[in-house]
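Summary of structural features
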Amino acid sequence: MRRQGWIGPIEWAAARRPLPGEEVCGDFPIAVEVGRTAALFGVADGLGHGTAAETAAVRAAEVVDRCRTEPPDVLLQLCHRGLADTRGAAITLSRIDFETRTLSWIGIGNVTADLVTKGPDGVQIRASALLAGGIVGYRIPHALATHQVSIGPGDLLVIATDGILEDHVAGMDFAAPAMAIAEHILNAYSRESDDALVLTARYRGASS
């Protein structure tokens, strides 16, 4: 289960697989263009696994796609309403604005997001999304806070569900294409007890 492409100056890819023995995956990638000035990336992890988890995750992606111009915190509120009749999901959203070179992110649940860069001592996590507790569609915090960091050419966004082990950015070939990195993490760090998904997005610099 692979998807990849370009949105403006961003090369992105997603690799996922269902829980062994299942036919569908309850983890779903989000990658949409916001006008010509921004891109929105995210992952929805439907609670549990199987068809009901897939239904919740796909519903979240549909809400985001339909309302993509809204800020990330508003999108999470809209997802919360839209998933009320599903089993719910963990969702993390990251918006990259090309002109200001900023990344704004927010998450509820355990879908991690890291901004990774190459430093003198190798691959380093420069910033991580702050995740709030809750389940989108069931119970979320009353106040949702979006955090913002700067992003520079070459920086890599890595979003992973809890089907991926911690420390999954260690040992990656930072110079590899987005899909190669996503596939490496999926193959080397996925748990056998859950669905798993990795989304990578590399900012290549100002769009021409």
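Residues numbered from 1 in each chain as written. Predicted model: local features only at pLDDT ≥ 70, side-chain atom pairs only at ≥ 80, totals over all residues. Heavy atoms only, no water.

You'll find the protein entered in an unreviewed UniProt entry as Stage II sporulation protein E, with Mycolicibacterium moriokaense given as the organism.

Once that is clear, we can look at the environment of Gly82. Examined against the element boundaries, Gly82 turns out to sit in helix α2 (residues 72-82). For the pair Gly82 and Arg59, spaced 23 residues apart in sequence, the C-alpha to C-alpha distance is 7.3 Å. (Helix = DSSP H or I, 4+ residues; strand = E, 2+ residues; numbered from the N terminus.)

Here we come to the side chain of Arg95. By secondary structure assignment, the location of Arg95 is in strand β5 (residues 89-97). Classification of Arg95 by relative accessible area gives buried; the value is 15%. Discounting chain neighbours no more than four positions away, the residues touching Arg95 are Val34, Ala38, Ala39, Leu40, Arg68, Thr69, Glu70, Pro72, Thr102, Leu103 and Ser104. (Buried < 20%, exposed > 50% of the residue type's maximum accessible area, 1.4 Å probe, protein only. Contact = heavy atoms within 4.5 Å.)

This part covers helix α1 (residues 51-66). Taking 1.5 Å per residue as the helical rise, α1 with its 16 residues ought to reach 22 Å, and the 22 Å between its terminal C-alpha atoms agrees with that figure. Every buried residue of α1 is accounted for by Ala53, Ala56, Ala57, Ala60, Ala61, Val63 and Val64. Each buried residue of α1 sits inside an arc of 160° when the element is viewed along its axis, so together they form one side. Along α1, exposed side chains directed more than 90 degrees from the buried face belong to Thr51 and Arg66. Where α1 is buried, its residues meet β3 (27-34), β4 (38-46), α2 and β5. (Expected span 1.5 Å × (residues − 1). Arc of directions from axis to C-beta.)

Attention shifts here to the packing of aromatic side chains. Summed over the entire model, instances satisfying the criterion amount to one aromatic pair. Judged by centre distance (6.4 Å) and plane angle (50°), the ring pair of Trp12 and Phe41 falls under tilted. Pair noted here: Trp12 is in strand β2 (residues 10-17) and Phe41 is in strand β4, with a separation of 29 residues, a long-range link. As far as burial versus exposure is concerned, Trp12 and Phe41 are alike and both buried. One Lys or Arg, Arg202, reaches over the ring of Phe174 and ends 4.6 Å from the middle of that ring. (Phe/Tyr/Trp six-rings, centres within 6.5 Å; stacked < 30°, edge-to-face > 60°. Lys NZ or Arg CZ within 6 Å of the ring centre and 35° of its normal.)

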